[in-house]
Amino acid sequence: MDVLDLARLQFALTGSLHFLFVVLTLGLAPLVAIMHTRWVRSGNPLHEHLTRFWGQIYVINYALGIVTGLVMEFQFGLSWSGLSHYAGDVFGAPLAMETLIAFFLESTFLGLWIFGWHRLRKGLHLACIWIVTLTAYGSAFYIMVANSFLQNPVGSVVDGDRLRLTDFGALMTNKALVLSFPHVLGAGLAAGGFVVMGASAYQLLRRTAYAEFFTKSLRTGVVVSAVGVLLAVATGYAQFGVVQEGKFNGNTGAATGLGFMVLIGELLQLVVLLMLLPVIYWLPRWRWTHPILMIMTPLPFLAAVFGWMAREIGRQPWMIWERLTVADAMSPGLTSGMVTASLIGFTAVLGLLAVVDYVLIARVVRRGPGDLALGAWPLATTPAPVRMEV
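Let me begin by describing the structure that accompanies this report. (Residues numbered from 1 in each chain as written. Predicted model: local features only at pLDDT ≥ 70, side-chain atom pairs only at ≥ 80, totals over all residues. Heavy atoms only, no water.)

Estimated volume of the second largest pocket: approximately 710 Å³. As for the second largest pocket, its lining consists of 21 residues, of which V195, T297, F301, Y358 and I361 are closest to the centre. Only α1 (3–42), α2 (45–78), α7 (180–205) and α13 (336–367) provide two or more residues apiece to the lining of the second largest pocket. For the lining of the second largest pocket, the leading source of residues is α13, giving 7 residues. Split by residue class, the lining of the second largest pocket holds 16 nonpolar, 3 polar and 2 charged. (1 Å grid on protein atoms, 1.4 Å probe; cavity = no way out; pocket = protein on both sides within 12 Å on 5 of 7 lines; lining within 4 Å. Points joined across faces, edges and corners; volume = space filled by probe spheres on them. Helix = DSSP H or I, 4+ residues; strand = E, 2+ residues; numbered from the N terminus. Nonpolar A, V, L, I, M, F, W, Y, C, P; charged D, E, K, R; others polar.)

Here's what the structure looks like:
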């Protein structure tokens with residue numbers, strides 16, 4: 001492979017691995033926020049344990065996902081400085097907004113939520129997780145603004161050898177953004193719902209002592225999955241109306257990714273909307289369905305990666321559609337050896353993080369909600385037992 005193909009492969013691998021963390025974060029954040037809201041409104045201890053259990057899984061995924069996102073940022077300067085030089089004034093604006101939202105607002109309020117158990121008032125504590133959810137969606141929005149600019153470079157003009165931003169509002173209303181953003185949100189809800197379904201099915205198959213807990217989780221996962229799949233499939237098909245003419249013509253890689261995404265998307269729609277949702281009440285009792293739900297857990301993640309492939313490969317050979325080619329966007333002076341070394345290093349680190357993420361989440365799922373670190377009483381503030389004298 002030449003240096004250009006190696007650089008593209010590097011970004012594809014690191015981007016795909018990072019996106020696996022992102023879709024789960026986008027799916028679990030609103031789930032945890034809704035569970036927390038139910039607990040605050042009802043005072044039901046079951047809802048508290050649901051919030052703490054799925055919140056702990058969310059925190060694990062978020063923490064490791066942040067590290068994979070940093071690797072993505074490095075590559076813009078490492079391999080794609082031509083893009084930064086040509087379109088940094090335009091492309092960099094939404095990325096800067098995403099950084100402010102994700103690394104400052106989102107992480108700050110997530111920290112307040114994690115360490116605010118038994119310290120903050122219930123209303124303030126609940127507000128923290130909702131702000132985390134909104135900032136997570138805001139982060140995804142600005143990432144899609146940047147990506148949509150690559151698909152359809154609006155709001156800018158050529159000024160010498162660079163692009164200059166002329167209309168920030170045009171970036172916010174880009175036709176390539178209007179449907180792709182809710183599509184990503186739908187994919188996230190589907191992924192989060194399927195993880196909740198699969199984990200709950202695993203525990204119910206084992207005849208867990210927490211049957212009521214995982215029955216509630218399973219039914220919640222089915223409903224959320226149905227909403228996510230419906231939103232993702234509907235907006236996914238609608239996007240074809242705004243795709244540039246000829247984008248997929250003769251592009252085998254994009255067609256393959258698109259074909260797999262449509263196949264998996266239709267399968268998810270068929271299973272969730274036509275089979276699982278109508279029998280949601282009986283699902284926890286039908287043990288024969290539990291292995292099927294467990295096997296289906298990875299499907300939304302595969303659909304998300306193939307969909308991303310179709311969107312990105314379909315733009316080739318352009319980095320910015322009809323403005324800047326991928327070859328011109330690459331950093332000058334790179335050699336095959338340099339890119340190969342960074343490819344191996346990045347893939348090893350991100351692959352290890354993905355494995356660690358899976359192992360930690362699987363460990364929490366296996367243990368169940370009986371012993372959770374998130375929301376546990378701090379040792380210094382644990383109420384002392386009352387001593388009784390005879």
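Taking 1.5 Å as the rise per residue, α7 with 26 residues should run 38 Å; its terminal C-alpha atoms sit 37 Å apart, in good agreement. A large share of α7 lies buried, amounting to 23 of its 26 residues. (Expected span 1.5 Å × (residues − 1). Buried < 20%, exposed > 50% of the residue type's maximum accessible area, 1.4 Å probe, protein only.)

Time to look at the pattern of salt bridges. Enumeration over the complete set of coordinates arrives at 3 salt bridges. Between R162 and D89 there is a salt bridge whose closest N-O contact spans 3.6 Å. You can see R162 sitting in strand β2 (residues 162–165) and its partner D89 sitting in helix α3 (residues 81–115), a full 73 residues away along the chain. The exposure class of R162 is partly exposed, given its relative accessible area of 29%. D159 is the salt-bridge partner of R164, the closest N and O atoms lying 3.2 Å from each other. Of the residues examined, R164 reaches a relative accessible area of 41% and is grouped as partly exposed. With relative accessibility at 43%, the residue D159 sits in the partly exposed group. (Salt bridge = Lys/Arg side-chain N within 4 Å of Asp/Glu carboxyl O.)

The contact between α1 and helix α11 (residues 299–313) brings their axes to 10 Å, and the two run at 135 degrees. The pairing of α1 with α11 is recorded here as oblique in orientation. Here α1 runs over α11; the crossing is right-handed. Where α1 abuts α11, its residues F11, A12, S16, F19, L20, V23 and L24 lie against F301, A304, V305 and W308. When grouped by side-chain class, the residues that make up the contact of α1 with α11 number 10 nonpolar, 1 polar and no charged. (Axes fitted to C-alpha atoms, helices over the stretch in contact; angles between N-to-C directions. Parallel < 35°, antiparallel > 145°, perpendicular 65-115°, else oblique. Left-handed = near helix turned anticlockwise from the far one by under 90°. Contact = heavy atoms within 4.5 Å.)

Here we take up the packing of α1 against α13. Two elements in contact, α1 and α13, have axes separated by 9 Å at closest approach and are oriented at 15 degrees. On the basis of the axis angle, α1 is roughly parallel to α13. The element α1 and its partner α13 pack so that their crossing is left-handed. When the residues that make up the contact of α1 with α13 are grouped by side-chain class, the tally is 15 nonpolar, 7 polar and 1 charged.

A few words on the packing of aromatic side chains. In the structure shown here, the tally under the stated rule is 11 aromatic pairs. Between F53 and F214, the aromatic rings sit 5.7 Å apart at their centres with planes inclined by 90 degrees, giving edge-to-face as the arrangement. You can see F53 sitting in helix α2 and its partner F214 sitting in helix α8 (residues 211–238), a full 161 residues away along the chain. Given the relative accessible area of 0%, F214 is considered buried. Three or more aromatic residues joined by ring pairs make a cluster, and in this case those are F53, W54, F213 and F214. (Phe/Tyr/Trp six-rings, centres within 6.5 Å; stacked < 30°, edge-to-face > 60°.)

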